[in-house]
Amino acid sequence: EPEVTQTPSHQVTQMGQEVILRCVPISNHLYFYWYRQILGQKVEFLVSFYNNEISEKSEIFDDQFSVERPDGSNFTLKIRSTKLEDSAMYFCASSVSGAMNQPQHFGDGTRLSIL
Amino acid sequence: DAKTTQPNSMESNEEEPVHLPCNHSTISGTDYIHWYRQLPSQGPEYVIHGLTSNVNNRMASLAIAEDRKSSTLILHRATLRDAAVYYCILRGLYGQNFVFGPGTRLSVLP
């Protein structure tokens, strides 16, 4: 069964450094998402992306964050200047469409640790 | 999206059926009911979804109340691998993201 893959599985970065998290969505999917989960807390939506544009974003997704699809397969989340509070699991997801009845398929996440 | 209420935790014995309830009294007519689960150290995993009628797939069954104000996820024979946090999420016309609550932590006892 096709799956969403994320790399790296664990990223350790110094505070203030830039970090890029990578995702390969399922190949025929058109909608892409990033969520995060701080340890022990709920899964939180960050951003959705369709047709090379951000279609929706949460309050968490401020100017420090950006997303892009640099080629036909990768979908990346960049954090420009990391803070301690950015430490979390980051999950990428994709779906065939943005319709209400379409499931999103999640990767197993990247654990981001900011020192 | 309308809010859902789930028990914080439930326990089940291995190989027995499990019924995970979800209340969504403010559901609107166009909201779909989605269930996801999150196994330890993994991302959320799609389980099942429905609108009005009961649904079955290889993982589970979804029973939706006639007034749609509640639903129940049914695992027919729990295995140790089913120990996870189960999320009941409503998804409506507005917003493409899923809003995850705290979910129900299911423990399966051997």
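Residues numbered from 1 in each chain as written. Chains lettered and ligands numbered in written order. Predicted model: local features only at pLDDT ≥ 70, side-chain atom pairs only at ≥ 80, totals over all residues. Heavy atoms only, no water.

Undergrad: Honestly, the sheet that holds strand β7 (residues 65-68) of chain A in this entry has me stumped. Any pointers?
TA: Two strands in a sheet stick together by hydrogen bonds in their backbones, pointing the same way (parallel) or opposite ways (antiparallel). All names here are of chain A. What the four strands build is an open sheet, ordered β1-β3-β8-β7; its pairing is antiparallel. The sheet terminates laterally at β1 (5-7) and β7, the two strands that pair on one side only. Between one strand and the next, the sheet's axes are offset by a mean angle of 20°, whatever the strand orientation. (Pairing = 2+ DSSP bridges. Helix = DSSP H or I, 4+ residues; strand = E, 2+ residues; numbered from the N terminus. Axes fitted to C-alpha atoms, helices over the stretch in contact; angles between N-to-C directions.)

Undergrad: Before we go on, may I ask you to explain the pairing of strand β9 (residues 104-109) of chain B in this structure?
TA: Across a regular strand the side chains alternate sides, sitting on one face of the sheet and then on the other. All names here are of chain B. Only one face of β9 is buried, namely the one carrying Thr104, Leu106 and Val108, since none of Arg105, Ser107 and Leu109 on the opposite face is buried. Relative to β9, strand β8 (residues 84-91) is paired through three bridges, and the arrangement is antiparallel. Looking at the pairing, Ala84 lines up with Leu106 of β9. (Buried < 20%, exposed > 50% of the residue type's maximum accessible area, 1.4 Å probe, protein only.)

Undergrad: Looking at this structure, how should I read the sheet that holds strand β4 (residues 45-50) of chain B?
TA: All names here are of chain B. Read from one edge to the other, the open sheet built from five strands follows the order β1-β9-β8-β3-β4, with strand pairing classed as mixed. Across the chains shown, the open sheet's two edge strands, defined by having one partner strand only, are β1 (9-13) and β4. Neighbour to neighbour, the strand axes of the sheet diverge by 25° on average, direction disregarded. Where strand β3 (residues 32-38) meets β8, seven bridges bridge the pair, whose relative direction is antiparallel. By the bridge assignment, Trp35 is partnered in β8 with Cys88.

Undergrad: Explain the environment of B:Pro110 to me, please; I cannot follow it from the model alone.
TA: All names here are of chain B. Within the secondary structure, Pro110 sits in the segment after β9. Overall, the relative accessible area of 83% leaves Pro110 in the exposed class. Sequence-wise, Pro110 and Asn13 are 97 residues apart; in three dimensions their C-alpha atoms are separated by 6.2 Å. When near neighbours in sequence (up to four residues on either side) are disregarded, Pro110 contacts Glu14 and Leu80. (Contact = heavy atoms within 4.5 Å.)

Undergrad: Teacher, can you tell me more about the interface of chain B and chain A here?
TA: The accessible area lost on association of the parts is a frequent measure of interface size. Taken residue by residue, the interface counts 23 residues in chain B and 22 residues in chain A. Both faces considered, chain B and chain A share a buried interface measuring about 1,900 Å² in area, 54% of it formed by carbon and sulfur atoms. In this structure, the connection of chain B to chain A is made through zero salt bridges. Scanning the region where chain B abuts chain A turns up eight residue pairs in polar contact (both at pLDDT 80 or more). If you list the elements that add at least two residues to the side of chain B that touches chain A, you get β3, β4 and β8 of chain B. Its residues assigned to classes, the side of chain B that touches chain A comprises nine nonpolar, twelve polar and two charged. (Buried area = accessible area lost by both parts, 1.4 Å probe. Salt bridge = Lys/Arg side-chain N within 4 Å of Asp/Glu carboxyl O. Polar contact = N/O pair within 3.5 Å; in protein donor to acceptor, adjacent residues only side chain to side chain. Nonpolar A, V, L, I, M, F, W, Y, C, P; charged D, E, K, R; others polar.)

Undergrad: Help me understand the confidence of the model for chain A, please; the structure alone is not making it clear to me.
TA: The predicted coordinates ought not to be read in detail in places where the model reports low pLDDT. Averaged over every residue, the pLDDT of chain A is 95; residues scoring 70 or more account for 100%. Here strand β6 (residues 53-57) of chain A stands out as the least confident element of chain A, with mean pLDDT 94; strand β11 (residues 110-114) of chain A is the most confident, with 98. (pLDDT = per-residue confidence, 0-100.)

Undergrad: Looking at this structure, I do not really get the state of the cysteines. What am I missing?
TA: Note on terminology: a disulfide is the covalent bond linking the sulfur atoms of two cysteines. Throughout the structure, instances matching the rule amount to two disulfides over all chains. Through a disulfide, A:Cys23 is tied to A:Cys92; the S-S separation comes to 1.9 Å. Between A:Cys23 and A:Cys92, the S-S dihedral sits near -65°, and the bridge is therefore left-handed. In this pair, A:Cys23 sits in strand β3 (residues 19-24) while A:Cys92 sits in strand β9 (residues 88-95), placing the two residues 69 residues apart along the sequence. Here A:Cys23 matches A:Cys92 in class, with each residue buried. Bridging B:Cys22 to B:Cys88, the disulfide has an S-S length of 2.1 Å. The chirality of the disulfide connecting B:Cys22 with B:Cys88 is left-handed, given an S-S dihedral of about -80°. Taken together, the positions of B:Cys22 in strand β2 (residues 18-23) and B:Cys88 in strand β8 put the pair 66 residues apart, joining distant regions of the chain. (Disulfide = S-S within 2.5 Å.)

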